[in-house]
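Reading the structure
This is what each chain is made of:
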Amino acid sequence: MVQRVSTGSPFEATFGYSRAVRHEDTVYVSGTTGYDYASMTMPDDIGQQASNALATIDKALREAGSSIQDTVRVVYYVGDRNDVDAVVKAVGPVFKDIRPAASMLIVQMIEPGMKIEIEVTARIGAANS
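Throughout what follows, the structure given in this document is the object of discussion. Keep in mind the model is a prediction, meaning the values are calculated, not measured. (Residues numbered from 1 in each chain as written. Predicted model: local features only at pLDDT ≥ 70, side-chain atom pairs only at ≥ 80, totals over all residues. Heavy atoms only, no water.)

The helix and strand inventory of the chain stands at three helices and six strands. Along the chain, helices (α) and strands (β) appear in the sequence β-α-β-β-α-β-α-β-β when read from the amino end. Its C-alpha radius of gyration of 14 Å places the chain within 12% of the 14 Å reference for a compact globule of 129 residues. Dimensions along the principal axes, computed over C-alpha positions, put the chain at roughly 40 × 35 × 25 Å. With 129 residues in all, the chain has 38% of them scored as buried. Across the chain, every contact between residues at least 6 apart in sequence was considered, and the portion connecting residues at least 24 apart equals 70%. Carbon and sulfur atoms form 49% of the exposed surface of the chain, whose accessible area is close to 7000 Å². The distance from the centre of the 12 positive side-chain charges to the centre of the 16 negative ones in the chain is 5 Å. (Helix = DSSP H or I, 4+ residues; strand = E, 2+ residues; numbered from the N terminus. Rg over C-alpha atoms; globule rule 2.2 N^0.38 Å. Buried < 20%, exposed > 50% of the residue type's maximum accessible area, 1.4 Å probe, protein only. Contact = heavy atoms within 4.5 Å. Areas by Shrake-Rupley, 256 points an atom, 1.4 Å probe, with all protein chains shown as cover. Lys, Arg positive; Asp, Glu negative; His and termini not counted. Charge placed at Lys NZ, Arg CZ, Asp CG, Glu CD.)

Set out below in structure tokens:
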């Protein structure tokens, strides 16, 4: 069984991807930036961008029958190494008890206002094991 989840972002249609894809008990969430999709704005603050990204990710995971608590792997793509502490401050409270495998890369973002992109892999039921 494969289930594709869309959050309605215009980027999903333009680039031709799904926000998340569920295959059996695993959910793969595409790299997610800090857009506020309700207003289609990008906050300047990287902490707020990270929080927006995690909210979008959790929404997609829930639609696929999972949640952020089932995350087993997270990858952070950060545009400026000077923002690492702000990222840790924003994501640490979310993942401190979940403790997924994680990587953080310093990269060049595709748009100047983007400061972070987050992708996760979740296993349905991982939070209960």
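Judged by pairing direction, the sheet is mixed, and its six strands sit side by side in the order 1-2-3-6-4-5 without closing on themselves. Looking at which strands have only one partner, the edges of the open sheet turn out to be strand 1 (2–5) and strand 5 (101–106). Across the sheet, the axes of successive neighbouring strands diverge by a mean angle of 10 degrees, strand direction being ignored. As judged from the four bridges shared by strand 1 and strand 2 (residues 20–23), these two strands associate in the antiparallel manner. Following the sheet pairing, Val2 is matched in strand 2 by His23. (Pairing = 2+ DSSP bridges. Axes fitted to C-alpha atoms, helices over the stretch in contact; angles between N-to-C directions.)

Judged by nonpolar contacts, the single largest core of 24 residues is most densely connected at Ile57, Leu61, Tyr76, Val91, Ile116 and Ile118. Among the elements that take part in this core, helix 2 (residues 46–63) stands out by supplying seven residues, more than any other. Setting aside anything within four residues of it in sequence, one finds Tyr76 in contact with Val87, Val91, Phe95, Ala102, Ser103, Met104, Leu105, Ile116, Glu117 and Ile118. (Core = buried A, V, L, I, M, F, W, Y, C linked by side-chain atoms within 4.5 Å.)

Quick look at unusual backbone geometry now. Non-glycine residue Glu24 carries a positive phi angle of around 55 degrees. Mapped onto the fold, Glu24 is located in the loop between strand 2 and strand 3 (26–33). Phi is positive for Met40, close to 50 degrees, though the residue is something other than glycine. Following the sequence through the fold, Met40 ends up in the loop between strand 3 and helix 2.

A separate point is the pairing of strand 4 (residues 71–78). Relative to strand 6 (residues 116–123), strand 4 runs antiparallel, the two being bridged by seven bridges. Looking at the pairing, Thr71 lines up with Ala122 of strand 6. As paired elements, strand 4 and strand 5 share six bridges and run parallel to each other. Each residue of the ladder has a partner; that of Tyr76, found in strand 5, is Met104. Read from strand 4 through helix 3 (residues 84–95) to strand 5, the crossover connection turns out right-handed. (Right-handed = clockwise from strand over helix to strand, strands pointing away.)

Further remarks concern the packing of helix 2 against helix 3. Two elements in contact, helix 2 and helix 3, have axes separated by 7 Å at closest approach and are oriented at 30 degrees. Regarding the angle of helix 2 to helix 3, the classification is roughly parallel. The two elements helix 2 and helix 3 cross, and the hand of that crossing is right-handed. Of helix 3, the residues touching helix 2 (which contributes Ile46, Gly47, Ala50, Ser51 and Leu54) are Ala86, Val87, Ala90, Val91, Val94 and Phe95. Among the residues forming the contact of helix 2 with helix 3, the class breakdown is nine nonpolar, two polar and no charged. (Parallel < 35°, antiparallel > 145°, perpendicular 65-115°, else oblique. Left-handed = near helix turned anticlockwise from the far one by under 90°. Nonpolar A, V, L, I, M, F, W, Y, C, P; charged D, E, K, R; others polar.)

Function cannot be read off these values alone, since they describe shape.
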